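If you want the building blocks of each chain, they are given just below.
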Amino acid sequence: MERIVKLGLLYDFYGELLTDHQKKVYEDYVYNDYSISEIAEEYEISRQGASDLIKRINKILEGYETKLKLVDRFDSIKSKIEAIESISDEDKELLLKEL
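Calculation rules
- Residues numbered from 1 in each chain as written.
- Predicted model: local features only at pLDDT ≥ 70, side-chain atom pairs only at ≥ 80, totals over all residues.
- Heavy atoms only, no water.
- Helix = DSSP H or I, 4+ residues; strand = E, 2+ residues; numbered from the N terminus.
- Expected span 1.5 Å × (residues − 1).
- Buried < 20%, exposed > 50% of the residue type's maximum accessible area, 1.4 Å probe, protein only.
- Arc of directions from axis to C-beta.
- Salt bridge = Lys/Arg side-chain N within 4 Å of Asp/Glu carboxyl O.
- Axes fitted to C-alpha atoms, helices over the stretch in contact; angles between N-to-C directions.
- Parallel < 35°, antiparallel > 145°, perpendicular 65-115°, else oblique.
- Left-handed = near helix turned anticlockwise from the far one by under 90°.
- Contact = heavy atoms within 4.5 Å.
- Nonpolar A, V, L, I, M, F, W, Y, C, P; charged D, E, K, R; others polar.

Digging into helix α4 (residues 47-68)
- Taking 1.5 Å of rise per residue, the 22 residues of α4 would be expected to cover 32 Å, and the 32 Å separating its terminal C-alpha atoms lies within 8% of that figure.
- For α4, the complete set of buried residues consists of Ala-50, Ser-51, Leu-53, Ile-54, Ile-57, Asn-58, Leu-61 and Glu-65. Looking down the long axis of α4, one finds its buried residues gathered within 165° of arc, a one-sided arrangement. Looking at α4, the residues exposed on the side facing more than 90 degrees away from the buried face are Gln-48, Lys-55, Lys-59, Thr-66 and Lys-67.

This is the structure in structure tokens:
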């Protein structure tokens, strides 16, 4: 599951940098949960071609992340927000107990 979430995040951040064909194939693979065989059939390519295409798109997206680090920054900010929210919740509980 975690792998699919990571793939989805990479696509969310960098998907617009892909070609239309790459976007369609990747959306079918990640979001529509198509198998390599289903992608091959849908786009009339060999299974090896579909597999290579998915690998190439993953490599492209991971390359963008290596250079730009947007997903890492997003995760970092999200963690900090969660930490702030948990501190706030603890403070609220303490205040309510004092009342």
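So, the pattern of salt bridges
- Within this structure, the stated rule accounts for 2 salt bridges.
- The shortest N-O distance in the salt bridge between Lys-23 and Asp-20 comes to 3.7 Å. With a gap of 3 residues between them, Lys-23 and Asp-20 both fall in helix α2 (residues 20-30), about one helical turn apart.
- Taken together, the shared-partner salt bridges in this structure form one network comprising Glu-16, Asp-20 and Lys-23.

Some thoughts on the packing of helix α1 (residues 2-14) against α2
- Interaxial distance between α1 and α2 falls to 11 Å at its minimum, and their mutual angle equals 155°. Considering their axes alone, α1 and α2 lie roughly antiparallel with respect to each other. Remark: the crossing between α1 and α2 carries left-handed chirality. Residues Arg-3, Ile-4, Leu-7, Gly-8 and Tyr-11 of α1 form the contact with α2, whose participating residues are Lys-23, Tyr-26, Glu-27, Tyr-29 and Val-30.
- Looking at the contact of α1 with α2, its residues break down into 6 nonpolar, 1 polar and 3 charged.

A short note on unusual backbone geometry
- Backbone geometry places Asp-33, a non-glycine residue, at a positive phi of 60°.
- Note that Asp-33 resides in the loop between α2 and α3 (36-42).
- Phi at Lys-69 is positive, roughly 55°, even though this residue is not glycine.
- Mapped onto the elements of the fold, Lys-69 is located in the loop between α4 and α5 (70-98).
- When its relative accessible area of 37% is taken as the criterion, Lys-69 is described as partly exposed.

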